[in-house]
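# Architecture at a glance
Here's the letter readout for the chains.
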Amino acid sequence: MNTAGHSEATAPRGLELTPFRGLRYDPDRVGSLAAVTSPPYDVVVRPDGLHQLQDADPHNIVRLILPQATTPAVRNEQAAKTLRGWLADGVLAPDPEPALYVYEQRHDDGMLQRGLIGALRVSEPSAGVVLPHEDVMPHVVADRAALMRATYANLEPLLLTYHGDGTTADVVDRTAERTPLLRTTTEDGYSHRLWSITDPAELARVQADLAPHQALIADGHHRWATYRRLRAEHPSPSPWDHGLVLLVDTLRYPLRVRAIHRLLHGLPVSDALAAVDGLFRVRRLEVTLSEALTALADAAAAGNAFLLAGDGAFHLLDRPDPEVLARTVPADRPPAWRSLDATVLHATLLDHVWHVPEDDPARIAYIHDTAATVEKAERDGGTAVLLHPVREEVVRDLARQGVTMPRKSTSFGPKPASGLVLRALDL
């Protein structure tokens, strides 16, 4: 008899979302719920955004997800000590019973997203239950794993999408007609509401409906890889068999897909442009950021295109030399992968032309905010590389083929705010 904790025989056949006792801020113990929330750890633009969030409230969640100290070990112990202190003081308190949580984000621009937050059984990519579409950076996974070990908690949910038949989405929408557990509006203009589902019949209906489905990782590849690492470290059954996720049916609530941009440290725009001379068509644009992004979208419709910035202007790169692409882009992948802007950026520009290691934080940063990427490049004398977003259908099709995109290729949103509900593994 095979008793291995993580054998193929015990691998989940579909999505297994489990209720948990959510850990939430006591509104009477903090200035406001909005003041203690944060974007996900990898979206906070350091150090400006980090300091702003720390100053917003002494209990802001960044003190847990991005602790500040001289060494990683001290940072993680500081986060664990902070979490223990907030629990002891009642700043954070567990809900009385396990629940799945309906989470809603709404914006005046018409965006409405609803999904379910729960503890999802962790599985390997080979099981075909949770599909990654990007590679991860080992040092980031190691960093997140050390933080989770120290705090013994999942501090923020990752974002998964699936295509349902409406059963779970109907439960979500009915729940959203009730009085919420909390509501708040963050400075980005999004309103957030949270409800709990504790009724056994509703929970059973949701779990039965999700069981045949698979999900795509929309945001949080490093956290999912961290869950997998921690699960492998602990014999099953253990609390590490599950990880905190937000699951959204994108047939009911489509996400927005944006690009993640690159900031190249120590590479002036003039040097970057000189290196691509003759390899791409280059046009200097004396326009606003919005106009430059429109020009990028137009060029990307016809082929690979990028915007460089950092010297007070925008430079549109398009029409790459086919011979250079044939020489630098790996040929053992599907055509859809080979033609991705992120593929050409990493294989041709970063590796072959600019010689910038993609996993060296001293040489490259990955930034979601377009304007912030340009501003930092201009301030630091580096080069901002702006990309056009990939369509969700392309991402999903490649993931189903088992083909991963270059890391940080997409930014699905809106992303769940960190700090609204946490999962302590000892509850």
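Scroll up to find the structure.
Report follows, based on the coordinates. (Residues numbered from 1 in each chain as written. Predicted model: local features only at pLDDT ≥ 70, side-chain atom pairs only at ≥ 80, totals over all residues. Heavy atoms only, no water.)

## A short note on the overall build of the protein chain
Counting its regular elements, the protein chain contains 15 helices and 21 strands. Taken over the C-alpha trace, the protein chain has a radius of gyration of 22 Å; the compact-globule value for 427 residues is 22 Å, and the two agree within 12%. Oriented by its inertia axes, the alpha-carbon framework of the protein chain measures out at about 65 × 50 × 40 Å. Counting all 427 residues of the protein chain, 55% fall into the buried class. Within the structure as shown, the protein chain displays about 17900 Å² of accessible surface, and the carbon and sulfur contribution to it stands at 51%. Side-chain charges of the protein chain comprise 44 positive and 56 negative groups, with the mean position of each set lying 3 Å from the other. (Helix = DSSP H or I, 4+ residues; strand = E, 2+ residues; numbered from the N terminus. Rg over C-alpha atoms; globule rule 2.2 N^0.38 Å. Buried < 20%, exposed > 50% of the residue type's maximum accessible area, 1.4 Å probe, protein only. Areas by Shrake-Rupley, 256 points an atom, 1.4 Å probe, with all protein chains shown as cover. Lys, Arg positive; Asp, Glu negative; His and termini not counted. Charge placed at Lys NZ, Arg CZ, Asp CG, Glu CD.)

## Let's talk about the sheet that holds strand 18 (residues 364–367)
The six strands are arranged 15-17-16-19-14-18 in an open sheet whose pairing can be described as antiparallel. Lying at the two open borders of the sheet, with one neighbouring strand each, are strand 15 (281–285) and strand 18. Here the strands of the sheet are splayed against their neighbours by 25 degrees on average, with no regard to which way each runs. Bridge count between strand 16 (residues 305–309) and strand 17 (residues 314–318): five bridges; the pairing is antiparallel. In the sheet register, Phe306 faces strand 17, and the bridge partner there is Leu317. (Pairing = 2+ DSSP bridges. Axes fitted to C-alpha atoms, helices over the stretch in contact; angles between N-to-C directions.)

## Structural notes on the layout of surface pockets
If you add up the space inside the largest pocket, you get close to 1200 Å³. Every residue lining the largest pocket is counted, 35 residues in all, and those nearest its centre are Pro39, Val43, Glu187, Asp188 and Asp369. Listed by contribution, the elements that provide at least two residues to the lining of the largest pocket are helix 1 (33–36), helix 2 (48–56), strand 13 (256–258), helix 14 (370–380) and strand 20 (411–413). Ranked by residues supplied to the lining of the largest pocket, first place goes to helix 2 with five residues. (1 Å grid on protein atoms, 1.4 Å probe; cavity = no way out; pocket = protein on both sides within 12 Å on 5 of 7 lines; lining within 4 Å. Points joined across faces, edges and corners; volume = space filled by probe spheres on them.)

## Description of the pairing of strand 8 (residues 158–162)
By the criterion of burial, strand 8 is predominantly enclosed, with five of the five residues buried. Side chains Leu158, Leu160 and Tyr162 project from strand 8 onto one buried face, and the interleaved Leu159 and Thr161 project onto a second face that is buried too. Pairing of strand 8 with strand 12 (residues 242–249) involves five bridges; the strand directions are parallel. Its bridge partner lying in strand 12, Leu159 is registered against Leu246. Where strand 8 and strand 11 (residues 215–219) come together, three bridges link them in antiparallel fashion. From the neighbouring strand, Leu160 faces strand 11, where its bridge partner is Ile217.

## Things to note about the packing of aromatic side chains
According to the stated counting rule, one finds five aromatic pairs in the structure shown. Consider the rings of Tyr25 and Trp86, whose centres lie 6.1 Å apart with planes at 50 degrees: the pair is tilted. In this pair, Tyr25 sits in strand 2 (residues 23–25) while Trp86 sits in helix 4 (residues 72–89), placing the two residues 61 residues apart along the sequence. The exposure classification of Tyr25 matches that of Trp86, with both residues buried. (Phe/Tyr/Trp six-rings, centres within 6.5 Å; stacked < 30°, edge-to-face > 60°.)

## Topic: helix 5 (residues 138–151)
Relative to the 20 Å expected for 14 residues at 1.5 Å per residue, helix 5 spans 20 Å between its end C-alpha atoms, a close match to the ideal helical length. Of all the residues in helix 5, the buried ones are Val140, Val141, Arg144, Ala145, Leu147, Met148 and Thr151. Within helix 5, the buried residues cover an arc of 165 degrees as seen down the axis, which keeps them to one side. Those residues of helix 5 hidden inside the fold are in contact with helix 3 (62–65), helix 4, strand 7 (153–154) and helix 8 (221–233). Backbone geometry just after helix 5 places Tyr152 at a positive phi near 50 degrees. (Expected span 1.5 Å × (residues − 1). Arc of directions from axis to C-beta. Contact = heavy atoms within 4.5 Å.)

## Regarding a negative patch on the surface
Taken together, the side chains of Asp311, Asp369, Glu375 and Glu378 present a region of like negative charge at the surface. The residue Asp311 is located in the loop between strand 16 and strand 17 in this model. A relative accessible area of 38% means that Asp311 is categorised as partly exposed. (Patch = residues over 30% accessible without salt bridge, like charges linked within 9 Å, V, L, I, M, F, W, Y side chains within 5 Å. Salt bridge = Lys/Arg side-chain N within 4 Å of Asp/Glu carboxyl O.)

## Describing the packing of helix 4 against helix 5
Two elements in contact, helix 4 and helix 5, have axes separated by 8 Å at closest approach and are oriented at 35 degrees. Once helix 4 is placed against helix 5, the crossing between them reads as right-handed. Contact residues: Arg75, Asn76, Ala79, Ala80 and Leu83 in helix 4; Asp143, Ala146, Leu147, Ala150 and Thr151 in helix 5. Here the residues of the contact of helix 4 with helix 5 are counted per class, giving six nonpolar, two polar and two charged. (Left-handed = near helix turned anticlockwise from the far one by under 90°. Nonpolar A, V, L, I, M, F, W, Y, C, P; charged D, E, K, R; others polar.)

## Description of the pattern of salt bridges
Applying the stated criterion to the full structure yields 25 salt bridges. For Asp318, the salt bridge is made with Arg283, and the minimal N-O distance between the two is 2.9 Å. Taken together, the residues span a long stretch of sequence, with Asp318 in strand 17 and Arg283 in strand 15 at a distance of 35 residues. In this structure, Asp380 and Arg379 form a salt bridge, with 3.7 Å as the shortest nitrogen-oxygen distance.

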